[in-house]
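# Structure assessment
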Amino acid sequence: MFKRLVAFMSGLCKSPVFRRSLKHFTLLAIFAGTFAYLSVNNDYNFVRTTTLEVPSQYKALKPLAAVDLEQALRAKSKDVEGLVFFKSIKSVVVLGRGFDRDNLVLEADIDIMQDLAKANQLPVKIENPGQRSEPAQLFTSLWSMIAIGLFIWTCVFLFQGRKKEDVSNRFMVGWNAYTGVIRSMIKLTGMRRSRFYGAAMLVLAAAVTLIFTTEVFNNHNLLIVPSEFVAAEKAQPYQVERHLSAHPDDFSRVAFAPTVNAAYIVLKTSPIKKAVEAAPAAPADSEGQTSDSVDGGAIAASQVYRGPHAGMVPAVVEKKSTDGVSSIARTVIYPNTTSGNKAYRDFVDAVRTQGIENKEVPRAVATDFFETIYFPARVLIVIFTMAALLCLALGVSALLDDKKEGEEGKDGRLVIAGASGEAVNAGEIGEQSLKTFADVAGCDEAIEACKLVVKKLRFPMIYKAFGAPVPKGIIFYGAPGCGKTLLARAMAGETGGGFIAVSGSAFVKLYVGAGASAVRERFQEARVLAKKTGKPTFLFIDEFDALGKKRGQGDSGGSQEYEQTLNELLVQMDGFANDGKVIVIAATNRLDILDEAVLRAGRFDIKIEIKKPDRKGRSEIFQVYLRNRQLISRDATPKQKLLTLQSVLNECSQRSRDFSGADIELTVKEASTIAAERHYEEMKDLPEEEMKARAVILPSDLQAAIDLVSYGRTLKSRTRSAEERKATAIHEIGHAAIPTLLKGDPVTRITIVMTDKSLGLMESGSDEDRYGWDKKEFLLKIKTMLAGRAAEERIGGSCSTGASNDFERASLLARQMVGMFGMSEELGVRTIPLDRNGLPVGQIGNTLMDLFTVAWSRIVDDCQKEVCQLIDDNREAIVRTADVLFEEEVLSGDRFREVWSGKVTAKVDIEIGDEVAEQVVAPVVAPGVALVEVKGHA
Ligand code: ADP
Ligand code: ZN
């Protein structure tokens, strides 16, 4: 796991896409982060003005004119109990009796005041002013302009089109990177998509719970100041403390709310009033007002100043009792800091030691819990909860997908295939599991070529910078079932682009213009998909020959419509709007019948042949399909496992000559079915785990599956007469006699077991695959094909229709020898274009045609003559071997040679019947294919 992680990280760091995205997004995060921070925290600015002012606890005090203070001091007013000086800002705080009687004098002559205070013997303190710092006006507005500019830039940066790089914008780059990371994470963990999302959801939910619970335990906001406390006007701690030490008698009662460091104080005010009234020159009377105004300042009652809270806080609770004593209520709240807590405790102790009536109120709790949570935590909880819900939704949808895809579910990304439109081949639409090059095997050259294309598509800019072309169209050609669709799909998987599969025949419409508009629609669809994925979309056109075949050939009726369709395709591919967004992959079995316009440079300029796999290739494909299946019990050592795999691959690849990739896939599936059927009864009652542990596919299962795929299913239901079977035995031994007598490829298997493909079979061939053939070998093949019927005729004395396939193939091969390979005396090295039946294409003139006919006929006739001779000469061996075959039904190569050489004889003498029906589904040999391997079928 750790190794994988390291490999993953280093791979990620090396990836230029990742690095580029990382760079973009770091930049973006810096911009966006700075912007967000600066817009929220206005404090941070380039230029600030700092002002000195009184500390915050004095800020709300009622202002008093300097002259009034001076007068009060000169009058030795009892209301002034102390002074606090702020020299540098020429301010004085006047401490009066009672909380409301403190005043703030700005701009006073400090020296005079100090002298007066000295004369009055007042307690005096000198404090330093506080600082207030504000952004300078000019720069505040400048800053907001910069911020707006930054925001616009961010938007442009994110969403500006990126035509040059085939990515619609940086946002898409980021989105792709993000989904890429998620995908890689899923891959890394090796989990199913649904499980991964489930796990992610659980992690997020756990995080939410954690934040929530820590918040509950640490939440100071959860406890609130009781409402009756809030209703009263606020006093500062310094005021309360000073008053308590100076006039404890004024306190009539105190209520504590210790959880929030708050106290509610009821204070008698009458003694003050008396004192004020007693004062000979009460400055409060300066404007003729009585001092029992509700909350007048101690000195200048007329200058009632309620501060910024005027009108907001309910009126001060101050009641005048009958004896002229009035009460006020004040709330003091100590800050929730270490020093604040200590000061609060000291205050509580002081109140208790003074013997003032006091009580504790029960704690009050906020009803809206969520509102009290620390703001960033609240944001986290919301984000995490939303992400968890998203994961839940993704997990559920992935689970449904998994169910749909069954065991095929791969690493999670879906290839988006054409979703609408009748032109999409019904078999191909819908979401399919992702394929990669790892799923394709046995065609290394084609895979290499595809990898090169993928490389180009990843960074087209590099190629464009050098003026090198980036592909628009690719042609895959080769035998069916060899992985053309698979490779196309894998290319989409490797680039991360979308995949739309269409059948070429879907574009061939009855009405003129309908096909062209279908082409336009597909391209439009592909372009939309490309925009969505930010990668080029692969438009896969299967059976491309239906669309791209040579113009003016064959069906003339629809030719106008057909040309329009083809032209539209080429226009769309060349078109300005395409610009590398849509890559057309055309698949065809035959390259030679395609129109030149299609093959011209700049269109489908990449042609990739996908050949039938050779022996090594077959072995690799077998390995691909066997990798998730068990070949030996789980407890075997790794070495045993490896050896088993090697021997199985060796055997299978040898016996599966001429198989395509699709055949091999089918073989493995059939082998699995055979193995499952073998275990059906014993496994019925086992638990699933046990079943999986025992699900071992044996080499014999694979062998049986290969037989099944190559020769068809054994037909047990249809019984044949002994005569029929005897005739078949003679026929097959006739085939076998030729390569044996003429030292051709050794016979490997002969059977007269009837399957749904044939009545009987003779298989011969060497261990190795062959690519070149010479004339002698061709002739041997023709002779082998002809020998079946010849033996029937000359030994059994009958001839049947069943051998017609042998003749067809013999004649085809003879015609190909003449027309394609230049192996006749009549024509020499002159070649004639042949179609798939070996007949000349187009007009070749009577003389040439005659020559051609004579040439191939002579080859067949000569062969036939020789074959008859050989059969007559070896009549005894043929009859003897046929007897054994009749009895044993299947002969291996070795057994056949044993019998043929006379070591064994059969007991039964055979009589030959007259009817042998034989039908063989043989591979059609296409002209242009150098490999004309004929398996030596019946
Ligand atoms: P084509 O398009 O050439 O007719 P496909 O790509 O449809 O053939 O192949 C059919 C199936 O056969 C594929 O889906 C795949 O499962 C299997 N197959 C064919 N060729 C290969 C290969 N080279 N490697 C692995 N699987 C293959
Ligand atoms: Zn035959």
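Refer to the structure presented above.
Cut-offs used in this document
- Residues numbered from 1 in each chain as written.
- Chains lettered and ligands numbered in written order.
- Predicted model: local features only at pLDDT ≥ 70, side-chain atom pairs only at ≥ 80, totals over all residues.
- Heavy atoms only, no water.
- Pairing = 2+ DSSP bridges.
- Helix = DSSP H or I, 4+ residues; strand = E, 2+ residues; numbered from the N terminus.
- Axes fitted to C-alpha atoms, helices over the stretch in contact; angles between N-to-C directions.
- Contact = heavy atoms within 4.5 Å.
- Disulfide = S-S within 2.5 Å.
- Parallel < 35°, antiparallel > 145°, perpendicular 65-115°, else oblique.
- Left-handed = near helix turned anticlockwise from the far one by under 90°.
- Patch = residues over 30% accessible without salt bridge, like charges linked within 9 Å, V, L, I, M, F, W, Y side chains within 5 Å.
- Areas by Shrake-Rupley, 256 points an atom, 1.4 Å probe, with all protein chains shown as cover.
- Salt bridge = Lys/Arg side-chain N within 4 Å of Asp/Glu carboxyl O.
- Phe/Tyr/Trp six-rings, centres within 6.5 Å; stacked < 30°, edge-to-face > 60°.
- Buried < 20%, exposed > 50% of the residue type's maximum accessible area, 1.4 Å probe, protein only.
- Lys NZ or Arg CZ within 6 Å of the ring centre and 35° of its normal.
- Expected span 1.5 Å × (residues − 1).
- Near = heavy atom within 4 Å.
- Polar contact = N/O pair within 3.5 Å; in protein donor to acceptor, adjacent residues only side chain to side chain.
- Nonpolar A, V, L, I, M, F, W, Y, C, P; charged D, E, K, R; others polar.

A word on the sheet that holds strand E24 (residues 761-764). What links the strands of a sheet is backbone hydrogen bonding, and the strands pair in either a parallel or an antiparallel sense. Taken in spatial order, the three strands of this open sheet run E24-E23-E25, and their pairing is antiparallel. In the strand order of this sheet, the two ends are held by E24 and strand E25 (890-892), each with one partner. Taking each pair of neighbouring strands and ignoring which way they run, the sheet shows an average axis angle of 10°. As defined by bridge partners, strand E23 (residues 747-751) adjoins E24 across four bridges and the pair is classed as antiparallel. Residue Thr751 lies in a different strand from E24, and its bridge partner there is Leu761. Contacts between helix H32 (residues 893-900) and the sheet are confined to E23 and E25, with E25 contributing the most and set at about 90° to the helix.

Bringing the sheet that holds strand E6 (residues 124-126) into the picture now. Spatially, five strands are ordered E2-E5-E4-E3-E6 in an open sheet, and the strand pairing comes out mixed. The sheet is open, and its two edges are formed by strand E2 (62-64) and E6, each paired on a single side. The average undirected angle you get between the axes of adjacent strands in this sheet is 25°. In this structure, E2 lies alongside strand E5 (residues 103-105), joined through three bridges in parallel fashion.

To continue, consider the state of the cysteines. One pass over the structure, following the stated rule, counts zero disulfides. Between Cys450, a free cysteine, and Cys443, which holds the nearest cysteine sulfur, the sulfur-to-sulfur gap is 7.9 Å.

Where helix H23 (residues 638-655) contacts helix H26 (residues 699-711), the two axes come as close as 10 Å, and the packing angle between them is 15°. The pairing of H23 with H26 is recorded here as roughly parallel in orientation. Note that H23 runs across H26; the crossing there is right-handed. Between H23, through Val648, Glu651, Cys652 and Arg655, and H26, the contact on the second element is made entirely by Pro699, Leu702, Gln703, Ile706, Asp707 and Tyr711.

This next bit is on the side chain of Gln703. Structurally, Gln703 is set in helix H26. Non-local contacts of Gln703, meaning those with residues more than four positions away in its chain, are made with Glu651 and Arg655.

This paragraph deals with a nonpolar patch on the surface. A surface patch of nonpolar side chains, about 500 Å² in accessible area, is lined by Ile148, Phe151, Ile152, Trp153 and Val156. Along the chain, the position of Ile148 falls in helix H6 (residues 137-159).

Evaluated as defined, the whole model comprises twelve aromatic pairs. Centre to centre, the rings of Phe778 and Phe821 are 5.3 Å apart; their planes meet at 20°, and the pair counts as stacked. Note that Phe778 is positioned in helix H28 (residues 775-796) and Phe821 in the loop between helix H29 (804-819) and helix H30 (846-873), a separation of 43 residues in sequence. In this structure Phe821 comes out as partly exposed when scored by relative accessible area, which is 28%. Arranged with centres 5.7 Å apart and planes meeting at 35°, the rings of Phe896 and Trp900 form a pair that is tilted. Pair noted here: Phe896 and Trp900 are both in helix H32, with a separation of four residues, about one helical turn. With relative accessibility at 0%, the residue Phe896 sits in the buried group. Cluster of aromatic residues (ring-pair linked, three or more members): Phe256, Tyr334, Tyr344 and Phe347. If you follow Lys726 out to its NZ or CZ, it ends over the ring of Phe886, 5.5 Å from the centre. It is Arg815 that lies over the ring of Trp856; its NZ or CZ is 4.8 Å from the centre.

Taking 1.5 Å as the rise per residue, helix H22 (residues 615-626) with twelve residues should run 16 Å; its terminal C-alpha atoms sit 16 Å apart, in good agreement. Taken as a whole, H22 has its buried residues at Arg615, Gly617, Arg618, Ser619, Ile621, Phe622, Val624 and Leu626. Those residues of H22 that are buried lie in contact with H23, helix H24 (661-683) and H26.

Our next topic: the pattern of salt bridges. Pairing between side chains of opposite charge can happen when their charged atoms approach one another. Applying the stated criterion across every chain, the model contains 34 salt bridges. Residues Arg242 and Asp102 are paired through a salt bridge, measuring 3.8 Å at the closest nitrogen-oxygen approach. Of this pair, Arg242 sits in helix H10 (residues 237-246) while Asp102 is found in the loop between strand E4 (91-96) and E5, placing the two residues 140 residues apart along the sequence. Residues Arg242 and Asp102 agree in their burial class; the two are buried. Here Glu688 makes a salt bridge to Lys692, at a shortest N to O gap of 3.6 Å. Of this pair, Glu688 and Lys692 both sit in helix H25 (residues 688-694), four residues apart, which is roughly one turn of the helix. On the basis of relative accessible area, Glu688 is assigned to the exposed category, the value being 56%. If you follow the salt bridges from partner to partner, you end up with Glu825, Glu826, Arg858 and Asp862 in one network.

Burial of strand E21 (residues 582-588) is extensive: seven of the seven residues sit out of reach of the surface. A two-sided burial pattern is seen for E21, the buried positions comprising Val582, Val584, Ala586 and Thr588 on one face and Ile583, Ile585 and Ala587 on the other. Taken together, the five bridges between strand E18 (residues 473-477) and E21 define a ladder with parallel strand orientation. Following the sheet pairing, Ile475 is matched in E21 by Ala586. As paired strands, strand E20 (residues 537-542) and E21 are joined by five bridges and run parallel to one another. Residue Ile541 lies in a different strand from E21, and its bridge partner there is Ala586.

Right, let's get into helix H17 (residues 484-495). With twelve residues, H17 should cover 16 Å at 1.5 Å per step; its first-to-last C-alpha distance of 17 Å lies within 8% of that length. Of all twelve residues in H17, nine are buried; the element is thus mostly enclosed. Buried residues of H17: Lys484, Leu487, Ala488, Arg489, Ala490, Met491, Ala492, Gly493 and Thr495, and no others.

Let us look at the site of ligand 1. Taken together, 16 residues are adjacent to ligand 1, and Ala441, Lys484, Thr485, Tyr625 and Glu665 come closest. Here an oxygen atom of ligand 1 and a backbone polar atom of Leu486 are 2.9 Å apart. When isolated, ligand 1 has an accessible area of 550 Å², and the protein chains bury 82% of it. Secondary structure elements with two or more residues in the shell around ligand 1: H17, H22 and H24. Classifying every residue of the shell around ligand 1 gives nine nonpolar, four polar and three charged.

Now for the pairing of strand E3 (residues 80-86). Extensive coverage of E3 is indicated by the burial of seven of its seven residues. When E3 meets E4, the two strands line up antiparallel, connected through six bridges. Note on E4: the bridge partner recorded for Val80 is Gly96. Linking two consecutive strands that pair antiparallel, namely E3 and E4, is a turn of four residues; a positive phi of about 55° is found at Lys90 within it.

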